[in-house]
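Secondary and tertiary structure notes
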Amino acid sequence: MLMWPRFAVLNALTLVALAVPACHSDDDSKTPGNPPPATASSDSPPATASSDSQARSSAAPRSRTFEFDYGVTVRDVPEGSRLKVWLPVPQTTSHQQIARLRQRLPIEPKQTVETKYGNRMLHFDLQPDSNQPLTFQVTWQVTRNEVRGLDDSNPNAKLEDASRKIFLSPNLKVPIDGKPLALIHPDTFALDNPIELGRSLYEQVDDHMRYDKSKPGYGHGDVLWACDSGFGNCTDFHSLFISLARGQQLPARFEIGFPLPPERGEGTIGGYHCWAQFHVDGHGWVPTDISEADRHPELKNYYYGNLTEDRVQLTVGRDITLEPAQDGEPLNYFIYPYIEVDGKSWPVEKTERNFAFRDL
């Protein structure tokens, strides 16, 4: 039987003294409703200890302010057909502040909210009068703060019953029983200490998984596939963590957005990045970024409970029904523009996406 050690919560000064690279940009592997990025992403080199450790030795969390372009150009839509486009909208939270700056749109969108997770989106419904390309692009100003989920404790934190039910329930590709739970031995876990339990599950996922996108099949967040393959990208790592956490009655949620390189400046963003958080009553949400910990083992302690400021979050959750509802199946996750023409998903080959940033 595998034995799992108990882990003490690291203090803030120890955590922030680490050199932290930016999160990695992940391709999607053609999940329905979430096609791969138009421009292939590349691994961002990790920051070195000498370049970042001095800045992170301060006790104050870091922040980053930048412009973020999010857009898509749709081509070859037949004249007179019905085109529907949904764009996810980043929201202001305790960890990021959002303001819309500019837009390039063929019509004014309807701003909508889906009810299950509270994700916001811009919805367009139009009938093009020609087959000319149509561009839907919005530029946001983002201030993103470093998250220190172990240090930022809220004694009054408590999930409402509806949210607890959502974040303890299975998703289509995220079971909460069966094969994933065979990976662990709950009788060795500190079930009465959710912080230690979360750390044990974090270690289990990192031990089982290897960050590897060299073979097909990754990127769907299919927990059974991750159990069998033992490799994947951030979607696969964090889906497995969520499955294990919910299986131990630890509410957990999937969050997805875009990464930025650690160097300030400007450039394009090739693909998404995702992470997971679990909730502890009397403490709050605790983040984990296990795929980054696997890519940077020297930072494993940091990525349990902390997130860098080099990212922007767009949506939460899996199996998403948009608002208004799409004609197709619920989305595995919602990060790229979703497009339907006459009720059918529009091919990614007939779109060109644009994601970019500029530090301010």
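Residues numbered from 1 in each chain as written. Predicted model: local features only at pLDDT ≥ 70, side-chain atom pairs only at ≥ 80, totals over all residues. Heavy atoms only, no water.

1. Some words on the sheet that holds strand S4 (residues 110-113)
Taken in spatial order, the five strands make up an open sheet running S4-S5-S2-S16-S17, and their pairing is antiparallel. The open sheet terminates on both sides in strands that have one partner only, identified here as S4 and strand S17 (344-345). (Pairing = 2+ DSSP bridges. Helix = DSSP H or I, 4+ residues; strand = E, 2+ residues; numbered from the N terminus.)

2. Some thoughts on the packing of aromatic side chains
In total, this model carries 20 aromatic pairs according to the counting rule given. On the basis of an interplanar angle of 90 degrees and a centroid distance of 5.6 Å, the ring pair of Phe167 and Trp285 is categorised as edge-to-face. Here Phe167 is found in helix H3 (residues 161-168), whereas its partner Trp285 is found in strand S13 (residues 284-288), with 118 residues between them in sequence. Ring centres of Phe278 and Tyr304 lie 6.2 Å apart, and the angle between their planes is 25 degrees; on these two criteria the pair is classed as stacked. Of this pair, Phe278 sits in strand S12 (residues 273-280) while Tyr304 sits in the loop between helix H8 (300-303) and strand S14 (306-307); the two residues are 26 residues apart in sequence, bridging distant segments of the chain. (Phe/Tyr/Trp six-rings, centres within 6.5 Å; stacked < 30°, edge-to-face > 60°.)

3. A short note on the confidence of the model for the protein chain
When pLDDT is averaged along the protein chain, the result is 88, and 85% of the positions lie at 70 or above. Across residues 1-18, confidence stays below pLDDT 50; counting only partners more than four residues off in sequence or on other chains, it has 40 contacts. In the predicted structure, residues 35-58 sits below a pLDDT of 50 and forms 58 contacts with residues beyond four places in sequence or in another chain. (pLDDT = per-residue confidence, 0-100. Contact = heavy atoms within 4.5 Å.)

4. Let's talk about the pairing of strand S10 (residues 252-259)
Of all eight residues making up S10, eight are buried, and the element is well covered by its neighbours. As paired elements, S10 and S12 share six bridges and run antiparallel to each other. Across the sheet, the residue bridging to Glu255 is Trp275, located in S12. As defined by bridge partners, S10 adjoins strand S15 (residues 311-316) across five bridges and the pair is classed as antiparallel. Bridging from a neighbouring strand, Gly257 pairs with Gln313 of S15. (Buried < 20%, exposed > 50% of the residue type's maximum accessible area, 1.4 Å probe, protein only.)

5. A few points about the packing of helix H4 (residues 194-208) against helix H6 (residues 234-247)
Running from N to C, H4 and H6 cross one another at 140 degrees; their axes reach a closest spacing of 10 Å. Between H4 and H6, the crossing angle belongs to the class labelled oblique. Like other packed secondary-structure pairs, H4 and H6 cross with a definite hand, here right-handed. Where H4 abuts H6, its residues Gly198, Leu201, Tyr202, Gln204, Val205, Asp206 and His208 lie against Phe237, Leu240, Phe241, Leu244 and Ala245. (Axes fitted to C-alpha atoms, helices over the stretch in contact; angles between N-to-C directions. Parallel < 35°, antiparallel > 145°, perpendicular 65-115°, else oblique. Left-handed = near helix turned anticlockwise from the far one by under 90°.)

6. A closer look at the pairing of strand S16 (residues 338-341)
Burial along S16 is two-sided: the residues Tyr338 and Glu340 and Ile339 and Val341 are all buried. Where S16 and S17 come together, two bridges link them in antiparallel fashion. Note on S17: the bridge partner recorded for Val341 is Lys344. Taking the residues that link successive antiparallel strands as the turn, the S16-S17 hairpin has two residues, and the phi of Asp342 there is positive, at about 50 degrees.

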